[in-house]
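# Summary of structural features
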Amino acid sequence: MKGTQIFFYIFVMWLLIIAGGGLVVSIIAHISIQGFGKLDNLIDSIVKAGIALVLVVIWILIMSKIKNWIFHKQISH
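In this report, the structure presented in the accompanying data block is examined. Nothing here was measured: the structure is a model prediction, and the numbers come from that model.

Cut-off values and rules
- Residues numbered from 1 in each chain as written.
- Predicted model: local features only at pLDDT ≥ 70, side-chain atom pairs only at ≥ 80, totals over all residues.
- Heavy atoms only, no water.
- Helix = DSSP H or I, 4+ residues; strand = E, 2+ residues; numbered from the N terminus.
- Rg over C-alpha atoms; globule rule 2.2 N^0.38 Å.
- Buried < 20%, exposed > 50% of the residue type's maximum accessible area, 1.4 Å probe, protein only.
- Contact = heavy atoms within 4.5 Å.
- Salt bridge = Lys/Arg side-chain N within 4 Å of Asp/Glu carboxyl O.
- Core = buried A, V, L, I, M, F, W, Y, C linked by side-chain atoms within 4.5 Å.
- Patch = residues over 30% accessible without salt bridge, like charges linked within 9 Å, V, L, I, M, F, W, Y side chains within 5 Å.
- Areas by Shrake-Rupley, 256 points an atom, 1.4 Å probe, with all protein chains shown as cover.
- Phe/Tyr/Trp six-rings, centres within 6.5 Å; stacked < 30°, edge-to-face > 60°.

### What about the overall build of the protein chain?
Scanning the protein chain from N- to C-terminus turns up 2 helices and 0 strands. Its C-alpha atoms give the protein chain a radius of gyration of 18 Å, more than 25% over the compact-globule value 11 Å for 77 residues. For the protein chain, the spread of C-alpha atoms along the three principal axes comes to 60 × 20 × 10 Å. When the 77 residues of the protein chain are sorted by exposure, 14% land in the buried category. For the protein chain, long-range pairs separated by at least 24 residues make up 61% of all intrachain contacts whose partners lie at least 6 apart in sequence.

### Description of the pattern of salt bridges
If you walk through the whole model with that rule in mind, you get 1 salt bridge. One salt bridge in this structure joins Lys48 and Asp44, with 3.3 Å as the shortest N-O distance. Highlighted residues: Lys48 and Asp44, both in helix α2 (residues 40-76), separated by 4 residues, approximately one helical turn.

### Quick word on the nonpolar core
Counting residues in each nonpolar core, the largest one holds 5 residues, listed as Val12, Leu16, Met63, Ile66 and Ile70. Put simply, the parts of the chain that give this core at least two residues each are α1 (2-26) and α2. Sort the elements by how many residues they give to this core and α2 lands first, with 3 residues. When residues no more than four places from it in sequence are discounted, the contact partners of Ile70 are Gln5 and Tyr9.

### Notes on a nonpolar patch on the surface
On the surface, a cluster of nonpolar side chains totalling about 710 Å² of accessible area is made up of Ile6, Phe7, Ile10, Met13, Trp14, Ile17 and Ile18. Structurally, Trp14 is set in helix α1. Relative accessible area serves as the criterion here: at 48%, Trp14 is assigned to the partly exposed category.

### Structural notes on the packing of aromatic side chains
Applying the stated criterion to the full structure yields 1 aromatic pair. Between the aromatic rings of Phe8 and Trp69, the centroid separation amounts to 5.9 Å while the plane-to-plane angle is 70°, which identifies the pairing as edge-to-face. Within this pair, whereas Phe8 is found in helix α1, its partner Trp69 is found in helix α2, the two being separated by 61 residues in sequence. On the accessibility criterion, Phe8 (37% relative accessible area) is partly exposed. For Trp69, a relative accessible area of 45% gives the class partly exposed.

What follows is the structure, given as structure tokens:
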């Protein structure tokens, strides 16, 4: 029974990776910022990188919460 928790953790990790990749490819890649002249590409890249960094931080927080939940559950048993 203890081994299933690590499989749950790995499953959620892969789910976040696949969902994040799909989100980045299907939605964020199509964002186009215009109206800044020569800086369009730079600002577009900065915005996309910022969104990607925010997503990474959210995923790290989710994985940390799940890890803490698993460890607390194991300690209480």
